[in-house]
Amino acid sequence: MGVRTWIEGWPVYRQLTGDDPLGRGAAAESQRSRALTARTSTADSVARSVCPYCAVGCGQRVYVKDRQVVQIEGDPDSPISRGRLCPKGSASKSLVTSDRRQQRVLHRRPYATDWEELDLETAMDMIADRMVAAREATWEDADDDGNPLNRTLGFASLGGATLDNEENYLIKKLFTAMGALQIENQARI
Ligand code: SF4
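The shown structure was predicted, so the numbers you read here are calculated from the model rather than taken from an experiment. (Residues numbered from 1 in each chain as written. Predicted model: local features only at pLDDT ≥ 70, side-chain atom pairs only at ≥ 80, totals over all residues. Heavy atoms only, no water.)

Focus: the domain arrangement of the protein
At step 1: For the protein, the assigned domains read domain 1 (3–35) and domain 2 (45–97).
At step 2: If you average the C-alpha positions of domain 1 and of domain 2, the two centres end up 33 Å apart. (Domains from an automatic or database assignment.)

Section: the packing of aromatic side chains
At step 1: Counted by the stated rule, this structure contains 2 aromatic pairs.
At step 2: Ring geometry for Trp6 versus Trp10: centroids 6.4 Å apart, planes at 15°, classification stacked.
At step 3: For the pair Phe155 and Phe175, a centre-to-centre distance of 6.0 Å together with 75° between the ring planes defines the contact as edge-to-face. One end of the pair, Phe155, is in the loop between β7 (148–152) and β8 (157–158); the other, Phe175, is in helix α8 (residues 165–177), and 20 residues separate them in sequence.
At step 4: Accessibility expressed as a relative area gives 11% for Phe155, which makes it buried. (Phe/Tyr/Trp six-rings, centres within 6.5 Å; stacked < 30°, edge-to-face > 60°. Helix = DSSP H or I, 4+ residues; strand = E, 2+ residues; numbered from the N terminus. Buried < 20%, exposed > 50% of the residue type's maximum accessible area, 1.4 Å probe, protein only.)

Quick notes on the side chain of Gln71
At step 1: When you line up the elements, Gln71 lands in strand β3 (residues 68–74).
At step 2: For Gln71, the residues in contact, after removing those within four places along its chain, are Arg39, Thr40, Arg61, Val62, Tyr63 and Lys93. (Contact = heavy atoms within 4.5 Å.)

Remarks on the site of the ligand
At step 1: Around the ligand, the neighbouring residues are Cys51, Tyr53, Cys54, Val56, Gly57, Cys58, Leu85, Cys86, Lys88 and Gly89.
At step 2: For the shell around the ligand, the per-class residue count stands at 7 nonpolar, 2 polar and 1 charged. (Near = heavy atom within 4 Å. Nonpolar A, V, L, I, M, F, W, Y, C, P; charged D, E, K, R; others polar.)

What about α8?
At step 1: For α8, built from 13 residues, the straight-helix expectation of 18 Å at 1.5 Å per residue is met to within 8% by its first-to-last C-alpha distance of 18 Å.
At step 2: Just downstream of α8, Gly179 is the residue with a positive phi angle, here 95°. (Expected span 1.5 Å × (residues − 1).)

Comments concerning the sheet that holds β3
At step 1: Strand order in the open sheet formed by 3 strands is β1-β2-β3, with antiparallel pairing between adjacent strands. Edge positions in the open sheet fall to β1 (45–50) and β3, since each of these has one partner strand only. Direction aside, neighbouring strands of the sheet carry axes that sit 30° apart on average.
At step 2: As defined by bridge partners, β1 adjoins strand β2 (residues 59–65) across 6 bridges and the pair is classed as antiparallel. Within the sheet, the bridge partner assigned to Val46 lies in β2 and is Tyr63. (Pairing = 2+ DSSP bridges. Axes fitted to C-alpha atoms, helices over the stretch in contact; angles between N-to-C directions.)

Spelled out as structure tokens, the structure:
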């Protein structure tokens, strides 16, 4: 490669002499970056979603190729976030695709030092049994003056940001029907 060709290939030279004075496009490209294709442009489909991490509820576009999530970006059409995501939301693809994601139920019995793997049905039965037992053991029909209470303080519900509106609606109905008073959640849109 001659010196002239080398200088002409230099990004600063291209920036100063070409039609990309701010160095945001062609002037900054290398042979390799010119050959790269954005995963967003090769996706098979795009689904609209909401970031599950916090109560802001930023809009997301989830890009899918061959039935796999390949990229998650901010949704410019969202009135909440107008295309922006914070670093946590920008990294939410890992929430779906990371091989470190926990996908099995783990239970540590009282006084045990190790986690035990459970199938989902067993875990759900254990939770239901404990709720029924706690309700029976702590149910209050009335206070000392005979005023009706019909409640239990034996369990509570504390939801997280990944619960959506519909799930919260059902949780509220379920726990209220069972007589719980403490039902809280990190609010979502
Ligand atoms: S992108 Fe950040 S601010 Fe927006 S909902 Fe997700 S965690 Fe919250």
